[in-house]
Amino acid sequence: MEVQQSWRLRFSFRNATIVLCLLNLVAAFLLLQGFLSAAASRNRLSSTNPNLDQLKYIRESEEIRLSMQPLELIKRVREIQQEANYGTQDVQEKDSKQNAAIDLSKRLKDFRSLNDASSLKAIEEWRKRKMERARLREMEKNGTLSSSQPRKHNF
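Treat the numbers as computed from the prediction; the structure is a model and nothing was measured.

Secondary structure summary: the protein chain contains five helices and zero strands in total. Counting helices and strands in the order they occur from the N terminus, the protein chain gives α-α-α-α-α. The buried share among the 155 residues of the protein chain stands at 1%. Per element, the accessible surface of the protein chain, about 15500 Å² overall, is 60% carbon and sulfur.

As structure tokens, then:
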């Protein structure tokens, strides 16, 4: 019986709990060591060629992104927007030019109507003077005026 009691003392719940906790600690330590060594190996690999691998990945992703963009559609949309902008500017410029032309023609008509009376009088006086000069020249050519008035000669 003594043998059975020594075995009981040896395999008590308390002793079993302690053994199980120790095994858990050993397993946790091994897992932690595995994780740390994997992280360290990843850091070593990435630290040796970080530029080449990362640059290759970046280039590939840029190429894929650019190939997926609808470039022709984007260009056409920009053209349409520019045409719309130019169209509105042209219409506004035409309207302003037409308004300016209409305003100028009205001002000219008003100016003509105000000056018609005075300009007609001035034209009539000019016409009379012109006719008088022409008559005097004709008389001079015929010699009728030359006998009555002395000519001025510039030598």
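From this point, the narrative continues.
Let's shift gears to the pattern of salt bridges. Once the charged atoms of two side chains with opposite charge are near each other, the side chains can pair. According to the stated counting rule, one finds four salt bridges in the structure shown. Glu132 is paired through a salt bridge with Arg135; the nearest N and O atoms lie 2.2 Å apart. Separated by three residues within a single helix, Glu132 and Arg135 lie in helix H4 (residues 71-142), roughly one turn from each other. Look at Glu132 and you get partly exposed, because its relative accessible area is 36%.

What follows covers a nonpolar patch on the surface. Among the surface-exposed residues, Ile18, Leu22 and Leu25 lie close enough to one another that they form a single nonpolar patch of about 300 Å² accessible area. Tracing the backbone through its elements, the reader meets Ile18 in helix H2 (residues 13-48). Residue classification places Ile18 among the partly exposed residues on the basis of a relative accessible area of 43%.

The next subject is a positive patch on the surface. Residues Arg129, Lys130, Arg133, Arg137 and Lys141 make up a contiguous surface patch of positive charge. The topology assignment puts Arg129 in helix H4. On the basis of relative accessible area, Arg129 is assigned to the partly exposed category, the value being 45%.

Quick notes on the rules
Residues numbered from 1 in each chain as written. Predicted model: local features only at pLDDT ≥ 70, side-chain atom pairs only at ≥ 80, totals over all residues. Heavy atoms only, no water. Helix = DSSP H or I, 4+ residues; strand = E, 2+ residues; numbered from the N terminus. Buried < 20%, exposed > 50% of the residue type's maximum accessible area, 1.4 Å probe, protein only. Areas by Shrake-Rupley, 256 points an atom, 1.4 Å probe, with all protein chains shown as cover. Salt bridge = Lys/Arg side-chain N within 4 Å of Asp/Glu carboxyl O. Patch = residues over 30% accessible without salt bridge, like charges linked within 9 Å, V, L, I, M, F, W, Y side chains within 5 Å. Lys, Arg positive; Asp, Glu negative; His and termini not counted. Charge placed at Lys NZ, Arg CZ, Asp CG, Glu CD.

Fair warning: the whole summary comes from geometry, so function is off the table for now.
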